[in-house]
Amino acid sequence: RAAGSGHWLPWLGLALLPLAVSPAAPPGGCPSACYCVATPELVQCRYERLEEPPKELPVTVHNLSIAGSNLSVLHRAAFAARPLPDLRLLRLRHDNIQIIEDMALEGLPALRILDLSHNPLLSVAAGAFAGVPMLRTLQLNQALLVAPLEEQLALALRNLTLRRLELAGNALRALPAALLPAGLEELDLRNNSLQRLAAHELQSLETPGLRGLRVTLGANPLSCDCALRPFLTWLRTATARVPDARNLRCAGPSPLRGTALLRLRPEGLACAANEGGEPGRLETASYVFFGIVLALIGIVFLMVLYLNRRGIKRWLHNLREACRDQMEGYHYRYEQDADPRRTSTVGTP
């Protein structure tokens, strides 16, 4: 029996060998760090702390989502290990992406939607999006809070034909006109720090390539003072270009807080000095200047009085003497008219 059992040992080792070695993902299969939903066309890699995109991805994948990883740097051809000709949607949210190098998205010729939201971007190369000529939607929500990247992004987007650009939650204080390519149809500026759109910013929205642009502006601290008049006038005539226009409300001043913008009239917006805006400062400066002029006039008047004090004293003395002589004349006539002897003399024939 011992000899017979020895014949089974090699076969038992071969049977256990697949359990000792973890199987590699088959070519074109679902990566071990990710999971495929229903079909390989949708692949999600969530909170796996990946430091680079998965190498083995299904060739037929249409939607790829990588969230909660530590990609840090998107190197050149980061997704080109296996070309993904059918990938249309790529989500890279909360992946700590800081640097995007030239041609980082090479190998994704059909990509139409790219989501880089919630990443602390520090640098974007001029050719970062050169490998995705079909890109139409770029989402950069809460991705521009660490460094000012407007100039870098303007260079990176110059050869794209974007239709939608999302910049929500980036603490923007002005319209990023440099990031608005001709033909852009939708711009999401919600939850920023915009107090108004200035007149020159409104003019940029009327350029031939942006006349069809729709802008969402909800959750911005709009200041309803006189500086808002150009924007309010534009908004009342172009309500269709601001889909959430009816939801826009004043964040200040206090009497107008919470008031819907479309309920206000441009001529009714006042410039309040205590609001700290430019119109208030100009009005304060006007009052201060007017007060200084009045003070100078008062000082000059007092100096003239002081320098001519003797002449004024002499004039007052002469005026008093003249008044005294006049009063004495009146008093003499009154005594003459009241004398009874003069009255009886006049009455005797």
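Residues numbered from 1 in each chain as written. Predicted model: local features only at pLDDT ≥ 70, side-chain atom pairs only at ≥ 80, totals over all residues. Heavy atoms only, no water.

In the annotation of an unreviewed UniProt entry, the protein chain is listed under the name TPBGL protein and assigned to Rhynochetos jubatus.

(A) Summary view of the nonpolar core. Ranked by internal contacts, the top residues of the largest apolar core, which has 73 residues, are Phe79, Leu90, Phe129, Leu187, Phe231 and Leu261. For this core, the secondary structure elements donating two or more residues are strand S2 (42-46), strand S3 (63-67), strand S5 (89-93), helix H2 (150-156) and helix H4 (229-237). With four residues, the top contributor of residues to this core is H4. Split by domain, the residues of this core number at least three in each of domain 1 (32-133) and domain 2 (163-271). (Core = buried A, V, L, I, M, F, W, Y, C linked by side-chain atoms within 4.5 Å. Buried < 20%, exposed > 50% of the residue type's maximum accessible area, 1.4 Å probe, protein only. Helix = DSSP H or I, 4+ residues; strand = E, 2+ residues; numbered from the N terminus. Domains from an automatic or database assignment.)

(B) Structural detail: H4. For H4, every residue scored as buried is listed here: Phe231, Leu232, Trp234 and Leu235. Burial along H4 is one-sided: seen end-on, the buried residues are contained in an arc of 165°. Buried residues belonging to H4 abut helix H3 (199-204). (Arc of directions from axis to C-beta. Contact = heavy atoms within 4.5 Å.)

(C) Representation of a nonpolar patch on the surface within the structure. A cluster of nonpolar side chains, Phe301, Leu302, Leu305, Ile312, Trp315, Leu316 and Leu319, forms an exposed patch at the surface whose accessible area comes to about 690 Å². Of all elements in the fold, only helix H5 (278-307) and helix H6 (309-338) reach the threshold of two or more residues within the nonpolar patch. Ranked by residue count, the leading element in the nonpolar patch is H6, at four residues. Along the chain, leucine 302 falls in helix H5. (Patch = residues over 30% accessible without salt bridge, like charges linked within 9 Å, V, L, I, M, F, W, Y side chains within 5 Å. Areas by Shrake-Rupley, 256 points an atom, 1.4 Å probe, with all protein chains shown as cover. Salt bridge = Lys/Arg side-chain N within 4 Å of Asp/Glu carboxyl O.)

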